[in-house]
Amino acid sequence: PETGCLSIIVLGASGDLAKKKTFPALFNLFRQGFLQSNEVHIFGYARTKMSDDALRDRIREYLTPNKGTSSEQAEALSKFLQLIKYVSGSYDSEEGFRLLDKEISEHEFAKNSQPGTSRRLFYLALPPSVYPSVCKMIRSYCMNQSHLSGWTRIVVEKPFGKDLSSAEELSSQLGELFDEEQLYRIDHYLGKELVQNLLVLRFANRFFLPLWNRDNIDNIQIVFREDFGTEGRGGYFDEYGIIRDIIQNHLMQVLCLVAMEKPVSLKPEHIRDEKVKVLQSVLPIGQEEVVLGQYDGYKDDPTVPDGSNTPTFATVILRIHNERWEGVPFILKAGKALNSRKAEIRVQFKDVPGDIYKCKKQGRNEFVIRLQPLEAMYMKLTVKKPGLEMSTIQSELDLSYRQRYQGVTIPEAYERLILDTIRGDQQHFVRRDELKAAWEIFTPLLHKIDDGELKPIPYKPGSRGPAEADELLAKAGYVQTHGY
Ligand code: BG6
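Residues numbered from 1 in each chain as written. Predicted model: local features only at pLDDT ≥ 70, side-chain atom pairs only at ≥ 80, totals over all residues. Heavy atoms only, no water.

Enquirer: Residues and numbers for a nonpolar patch on the surface, please.
Expert: A contiguous nonpolar patch, built from Ile356, Tyr357 and Met390 and spanning about 390 Å² of accessible area, is present on the exposed surface. Here Ile356 is to be found in the loop between β11 (342-349) and β12 (366-372). (Patch = residues over 30% accessible without salt bridge, like charges linked within 9 Å, V, L, I, M, F, W, Y side chains within 5 Å. Areas by Shrake-Rupley, 256 points an atom, 1.4 Å probe, with all protein chains shown as cover. Salt bridge = Lys/Arg side-chain N within 4 Å of Asp/Glu carboxyl O. Helix = DSSP H or I, 4+ residues; strand = E, 2+ residues; numbered from the N terminus.)

Enquirer: Hey, could you go over the packing of aromatic side chains for me, with residue numbers and the actual values?
Expert: Two aromatic rings, taken as a pair, are described by how far apart their centres are and by the angle between their planes. Counting across every chain of the model gives 16 aromatic pairs. Between Phe30 and Phe80, the ring centres sit 5.7 Å apart and the planes meet at 50°, which makes this aromatic pair tilted. Taken as a pair, Phe30 in helix α1 (residues 16-31) and Phe80 in helix α3 (residues 70-82) lie far apart in primary sequence, 50 residues in all. Residue Phe80 is classed as buried on the basis of its relative accessible area of 0%. Consider the rings of Tyr184 and Phe429, whose centres lie 5.0 Å apart with planes at 80°: the pair is edge-to-face. Here Tyr184, found in strand β6 (residues 183-186), pairs with Phe429, found in the loop between α12 (413-423) and α13 (432-450); they are 245 residues apart in sequence, far enough to count as distant. Side by side, Tyr184 and Phe429 carry an identical accessibility label, which is buried. Through a chain of ring-to-ring contacts, three or more aromatic side chains come together here, namely Phe237, Tyr295, Tyr298, Phe313 and Tyr459. (Phe/Tyr/Trp six-rings, centres within 6.5 Å; stacked < 30°, edge-to-face > 60°. Buried < 20%, exposed > 50% of the residue type's maximum accessible area, 1.4 Å probe, protein only.)

Enquirer: Explain the sheet that holds β6 to me, and be specific about the residues and the numbers.
Expert: Taken in spatial order, the six strands of this open sheet run β3-β2-β1-β4-β5-β6, and their pairing is parallel. At either margin of the open sheet sits one strand with a lone partner, and together these are β3 (84-88) and β6. With strand direction ignored, the average angle separating the axes of adjacent strands in the sheet is 20°. Taken together, the four bridges between strand β5 (residues 151-157) and β6 define a ladder with parallel strand orientation. If you follow Glu157 over to β6, its bridge partner there is Ile186. Sitting on the sheet, helix α4 (residues 94-111) is in contact with β1 (6-11), β2 (40-46), β3 and β4 (119-124), with an inclination near 170° to β2. (Pairing = 2+ DSSP bridges. Axes fitted to C-alpha atoms, helices over the stretch in contact; angles between N-to-C directions. Contact = heavy atoms within 4.5 Å.)

Enquirer: I'd like to hear about the sheet that holds strand β7 (residues 217-225), residue by residue, with values.
Expert: The mixed open sheet is built from nine strands, whose spatial order is β14-β13-β12-β11-β7-β10-β9-β8-β15. The sheet is open, and its two edges are formed by β14 (392-400) and β15 (457-459), each paired on a single side. Strand-to-strand twist of the sheet, defined as the mean angle between neighbouring strand axes without regard to direction, takes the value 20°. Pairing analysis gives seven bridges linking strand β9 (residues 313-319) to strand β10 (residues 329-335), with the strands arranged antiparallel. Within β10, the residue paired with Arg319 across the bridge is Pro329.

Enquirer: Outline the side chain of Lys275, listing residues and values.
Expert: Secondary-structure assignment places Lys275 in helix α10 (residues 268-280). A polar atom in the side chain of Lys275 sits 3.0 Å from the side chain of Glu434. When residues no more than four places from it in sequence are discounted, the contact partners of Lys275 are Leu190, Gln253, Cys256, Leu257, Met260 and Glu434. (Polar contact = N/O pair within 3.5 Å; in protein donor to acceptor, adjacent residues only side chain to side chain.)

Enquirer: Give a detailed account of the environment of Arg404, specifying residues and quantitative values.
Expert: With respect to the helices and strands, Arg404 occurs in helix α11 (residues 401-404). Using a relative accessible area of 54% as the deciding quantity, one classes Arg404 as exposed. Each C-alpha atom, one on Arg404 and one on Gly44, is 39 Å from the other, the two residues being 360 residues apart in sequence.

Spelled out as structure tokens, the structure:
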């Protein structure tokens, strides 16, 4: 139900993720009226001993809403902070979780007009190493006892393991404690506006239906770039690397939505069934279709080991073995410390057959979906150059969100995903079999990198990454268009 008492419990309340993402998202939901003061209570749980006010002070500076006058903001902020209570305890302590349960129950008792409809959302803003013990504790001491229509839901974040076997182990541990319907595995890319737009675009527009296949599309790129390095989190990053951090999850989720068949309906299970099929159709990655890089200076971070072989950049070509995509390379590219910050999908079409305008000189038709920054979709196409001469140029049909939807605030991915969790919509969360299939694709490559069999090529911070990656792109058929 969407009514009744709601307790949101943020475990790891004093950590980075909670401060930077979880609490700000909750605050924005509160400000927009999605969390009602008379129903909701928020609990922070962590090891540090501190008062409710101390937690409120810690998170206050991160709560900067994107709209509203300052007096409204101040009022909303103080009301929101009053909803937060802090409980301290360790992540494997029976006592801590019993206390947490007591606090939640008291709140439920005080606020529940309809007994039996309480809702408990546990948000694990914690390192995955403690997921099993925390989940055990929740299961043993903090389960919602509501017998009518209440629920208990658990939100977890990547990394879900480091390879196929560790991910499967984690999945079984959690699977023994909770049903799949209770587990919400966040991949925050699925909460981004233009990622959520992908299925609408593909399946609600006649334009795309007949073109979206191997007969018309030459290659597809899914690109993530950041113009900063791993500053401050080199230790974490070094254990994972760019493939585990970005490609295996964020970019693969995008790939699924770009490549999947039309689902039977918009039911979350129907959509996720189609995504799994795409993952299962990906062929083993060929070593010759991979370029790895590591930016100069990465190892200067004291938390990164001297001899680190961890890639901070990777271009990987995936091949989908099915009727729609046979022969179309999906080029996945991600890198840190590059020349720009951008995430985009570039669908490049084949050349026009029997070309009489020599369009090829100017570049191909390309459909670009820019996920961030400045969300946009644009189509590169050839038009007659305006004027008396008959010549052609490449131009763009451009839908820039900031211009077209002025005044509309695009929600943060986390806001949307937390709201989905409250509503019980698992469409934008990763199902266990999706996770497994994605790990199956990358595990052999990751093991080769871990064993030092494959080495990253050094590149300059602020560059495009190793030149070899551009060569691989060209070999895969990508044609650089002019004006880009
Ligand atoms: C996270 C990665 O999942 O996504 C980070 O761990 C990365 O390394 C971040 O910086 C990027 O997210 P966004 O939303 O800024 O593109």
